[in-house]
Amino acid sequence: MTLVISQLHAQETLDSRGNPTVAVVLYAESGLTVAAGVPAGASTGSREAVEIRDGDPDRYHGAGVLGAVRNVAGEIADSLVGVPFSSLDEVDQRLLDLDGSGNKSRLGANAVAGVSMAAAKAFAVEQKEPLWLSLAGAHVVPRLPVPHFNVINGGRHAGNGLPFQEFMIAPLGAPSVADAVRAGAEVYAALRGVLAERGFSTGLGDEGGFAPTFSRPEEALAELVKAIGSAGYKPSRDEVAIAIDPAASEFYADGRYQIGDQSFTSSDMIEMYSTMLDDFPIWSIEDGLAESDDAGWRAMTDQLGDRVQLVGDDNFVTNPAIIADAVVDGIANAALIKVNQVGTVTETLMALDVCRRSNYGAMISHRSGETTDSFIADLAVGAGTGQIKAGAPARGERIAKYNRLISIEQANPALAYGLPESQRRP
């Protein structure tokens, strides 16, 4: 089977934060048409693939992406149109060779990712397979993932003074995706009531979670436990657990972590997390320390790795080589996976393969600036990792991912659901 692209079209559209992003439409000689929307992050790792912005202060405060759009319709189209491709690997390698920068800074990760995602969809259609099955490949057992709902937003996702960026609920004990989504929605509704009762604002952050003016992360965790119970569920790792993403690089400077008016060392942070694990049903901690704090990450992995999933994001940036080095160095035990963070779908699949071979967990992730494209839902199923985060159970760009998972489940009732047993922590 070959894919021959007849035309590539791109346009500047808006993401969920009202910022410009790239949308790509791919036309094939066979007559098929597919589209892809590229998300964008707010809290980003320093080694991420580079999205390009126009820098024109008269348009979107410099954040326009007309240059990336031109790259898709111009140089990228010139290189890809009319060429018979037998695999996604070939398309992505052509994109990497054409860019030549190593970090997508010449053509832009927002341009490259959009074309790569569209090509992945096109191959699935040409093969007459659902996207999730096409992405799985020959050696992966697809699996429906546990959704992780970001129901309290802080950090760069909200202007509320709460230092930790994400507080998520994870229905680990749900028997199906549909039941997990229902649990997420019911806890979310209960949380609104719990917060309102205490006089907190129920305004929303970038990812659809509430943004109350908590000053300490323990306050948010305590309210989450109340909301889980109020919704009729048990706050535990066996039923509805909690996951957090402190995004610690955002409050790290000069070797210290600044939380409110207090300053902490890496050891202090590890001790804080240890206490939180004792007091709350937390099963996963993402970016618990800064991306440059390798010594702290090793110590945290050594001390807490048997108790909790430790997810690298800003320090790993979905880069397979970086994740492979981290495995050797004893840093973390799981990786966050974002397509636009590395730039192509093939590189994303390579990162997932490193995690699989190293017995690292892998959580498929959205970005704070999202589109209604549900690509990552199919990726999560095809990758078989058993976990995804796509924001709160609210707002169309987040709900699109969860609704897609429900649709996949209904059409494929034999698919396994939930976290693989090898990735559970006691």
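The coordinates are above.
Residues numbered from 1 in each chain as written. Predicted model: local features only at pLDDT ≥ 70, side-chain atom pairs only at ≥ 80, totals over all residues. Heavy atoms only, no water.

Tallying secondary structure elements over the protein gives 13 helices and 15 strands in all. Its C-alpha atoms give the protein principal-axis dimensions of about 60 × 50 × 45 Å. Within the protein, contacts between residues at least 6 apart in sequence are counted, and of these 70% link residues at least 24 apart. In the form shown here, the protein has an accessible surface area of approximately 15400 Å², with 48% of it arising from carbon and sulfur atoms. Where the 33 positive side-chain charges of the protein centre and where its 55 negative ones centre are 3 Å apart. (Helix = DSSP H or I, 4+ residues; strand = E, 2+ residues; numbered from the N terminus. Contact = heavy atoms within 4.5 Å. Areas by Shrake-Rupley, 256 points an atom, 1.4 Å probe, with all protein chains shown as cover. Lys, Arg positive; Asp, Glu negative; His and termini not counted. Charge placed at Lys NZ, Arg CZ, Asp CG, Glu CD.)

Here the focus is helix α6 (residues 217–230). In this model α6 runs 20 Å from its N-terminal to its C-terminal C-alpha over 14 residues, within 8% of the 20 Å that 1.5 Å per residue would give. Within α6, burial applies to P217, A220, L221, E223, L224, A227 and I228. In an axial view of α6, the angular spread of the buried residues amounts to 165°, which keeps them on one side of the axis. In the segment just after α6, G232 is the residue with positive phi, at about 95°. (Expected span 1.5 Å × (residues − 1). Buried < 20%, exposed > 50% of the residue type's maximum accessible area, 1.4 Å probe, protein only. Arc of directions from axis to C-beta.)

Across the sheet, three strands lie side by side as β8-β9-β10; this open sheet has antiparallel pairing. Looking at the sheet topology across the chains shown, the edges are occupied by β8 (252–253) and β10 (262–264). Examined bridge by bridge, strand β9 (residues 256–259) and β10 share three bridges and lie antiparallel to one another. Along β10, the bridge assignment pairs Q258 with S263. Helix-sheet contacts for helix α7 (residues 266–279) involve β9 and β10, and the interaxial angle to β10 is about 100°. (Pairing = 2+ DSSP bridges. Axes fitted to C-alpha atoms, helices over the stretch in contact; angles between N-to-C directions.)

What follows deals with the nonpolar core. The biggest cluster of nonpolar side chains holds 135 residues, and the ones touching the most others in it are L8, L26, I76, I244 and I282. Per element, the largest residue contribution to this core is 11 residues, and it comes from helix α3 (residues 109–126). Not counting chain neighbours up to four residues away, the residues in contact with L8 comprise V24, V25, L26, V72, A73, I76, A77, L80, V81 and V115. (Core = buried A, V, L, I, M, F, W, Y, C linked by side-chain atoms within 4.5 Å.)

To continue, consider the sheet that holds strand β7 (residues 241–245). If you walk around this closed barrel you meet the eight strands as β5-β6-β7-β11-β12-β13-β14-β15, and the pairing is mixed. Neighbouring strand axes in the sheet, compared pairwise and without regard to direction, differ in orientation by 30° on average. Strand direction decides the pairing type here: strand β14 (residues 361–365) and strand β15 (residues 387–389), joined by two bridges, are parallel. If you follow I364 over to β15, its bridge partner there is I388. In this fold helix α12 (residues 375–383) packs onto β14 and β15, with an angle of close to 165° to the strand it touches most, β14.

Throughout the structure, instances matching the rule amount to 25 salt bridges. Between K104 and E347 there is a salt bridge, and its shortest N-O distance comes to 3.3 Å. Here K104 is found in the loop between α2 (88–99) and α3, whereas its partner E347 is found in helix α11 (residues 345–357), with 243 residues between them in sequence. Through salt bridges with shared partners, a single network forms among E166, D245, E286 and K389. (Salt bridge = Lys/Arg side-chain N within 4 Å of Asp/Glu carboxyl O.)

We now examine α12. Across the nine residues that make up α12, a large majority, nine, are buried. Turning to α12, its buried residues number three or more, namely F375, I376, A377, D378, L379, A380, V381, G382 and A383. Once α12 finishes, G384 follows within two positions and takes phi at roughly 70°, a positive value.

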